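A closer look at the structure
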Amino acid sequence: MRLAHSLIALALLLPGLVSAHALKLGDRVPPVGVSDRGELLYQQDKFSYQPWNSAQMSGKVRVILHIAGRSSAKEQNAALIEGIKAAKFPHDRYQTTTIVNTDDAIPGTGMFVRSSIESNKQQYPWSQFIVDSNGNVRKVWQLEKGGSAIVILDKTGHVRYAKEGALTQDEVQQAMMLIRELLQQ
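Residues numbered from 1 in each chain as written. Predicted model: local features only at pLDDT ≥ 70, side-chain atom pairs only at ≥ 80, totals over all residues. Heavy atoms only, no water.

Another point: the side chain of Ser54. Within the secondary structure layout, Ser54 lies in the loop between β2 (46-53) and β3 (61-68). For Ser54, a relative accessible area of 7% translates into the label buried. In this structure Ser54 touches Val29, Pro30, Pro31, Val32 and Trp141, once residues within four positions along its chain are discounted. (Helix = DSSP H or I, 4+ residues; strand = E, 2+ residues; numbered from the N terminus. Buried < 20%, exposed > 50% of the residue type's maximum accessible area, 1.4 Å probe, protein only. Contact = heavy atoms within 4.5 Å.)

The structure is reproduced here in structure tokens:
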């Protein structure tokens, strides 16, 4: 029965999988590191950064939200993020990783973008936020400038879904179903 659900979900998701990006179903994401800024940490009421590498993304089911440092890009997939928040997935088996390309921000807004990221880290300390000041991830993964991409990884770190741009309401529901299914495995 689980296999049937997987095949149905995959069939429903296939139309959204066609894109020019370098994210291939069944593969790991192309290896990339971010050392200028990197992962935002919040400990003892202080923010700091540490280098981040895509090789660190196994062990949990993960939704990666890659966005340009613009509010318009953030809004593209707000419905999925709201669905994830409402679902309250278990933090020991699920991780949201938001990669913000601040190299692709409107000039003069970088300070506001980082402030927004810090506010989100305080509000959702279990979520992972990566600040990519040089746009390394966008370049290596061959993502479009100015936009948003959603990538769902299984617990082994393999791509199970990838789409650039805004998800339709049906795609949001399908993505949520896929996340729930991956959490049951």
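What follows continues from the structure just given.
Two quantities define a packed helix pair, namely the angle between the helix axes and the distance between the axes. In the contact formed by helix α3 (residues 78-87) and helix α6 (residues 169-184), the axes pass within 10 Å of each other and the chain directions differ by 35 degrees. The way α3 lies across α6 gives a crossing that is right-handed. Between α3, through Ala79, Leu80, Gly83, Ile84 and Ala87, and α6, the contact on the second element is made entirely by Gln169, Val172, Ala175, Met176, Ile179 and Arg180. Partitioning the contact of α3 with α6 into residue classes produces 8 nonpolar, 2 polar and 1 charged. (Axes fitted to C-alpha atoms, helices over the stretch in contact; angles between N-to-C directions. Left-handed = near helix turned anticlockwise from the far one by under 90°. Nonpolar A, V, L, I, M, F, W, Y, C, P; charged D, E, K, R; others polar.)

We now examine the pattern of salt bridges. Summed over all chains, the structure comprises 4 salt bridges. Its salt-bridge partner being Arg160, residue Asp154 comes within 3.9 Å of it at the nearest N-O pair. (Salt bridge = Lys/Arg side-chain N within 4 Å of Asp/Glu carboxyl O.)

Along α3, the positions that sit buried rather than exposed are Leu80, Ile81 and Ile84. For α3, the buried positions fall inside an angular range of 100 degrees around the axis, keeping them on one side. Looking at the buried side of α3, the elements it contacts are β3, β4 (94-101), β6 (148-153) and α6. Directly beyond the C-terminal end of α3, a positive phi value near 50 degrees is found at Lys88. (Arc of directions from axis to C-beta.)

Let us now look at the sheet that holds strand β1 (residues 33-43). In a beta sheet, neighbouring strands pair by backbone hydrogen bonds and run either parallel or antiparallel. Ordered by their spatial adjacency, 7 strands build an open sheet running β2-β1-β5-β4-β3-β6-β7, and the pairing between neighbours is mixed. On the outer flanks of this sheet lie β2 and β7 (159-164), each paired with one strand and no other. Mean inter-strand twist for the sheet, computed between neighbouring axes without regard to direction, equals 20 degrees. Alignment of β1 against β2, held across 7 bridges, turns out to be antiparallel. Opposite Leu40, over in β2, you have Tyr49 as the bridge partner. (Pairing = 2+ DSSP bridges.)

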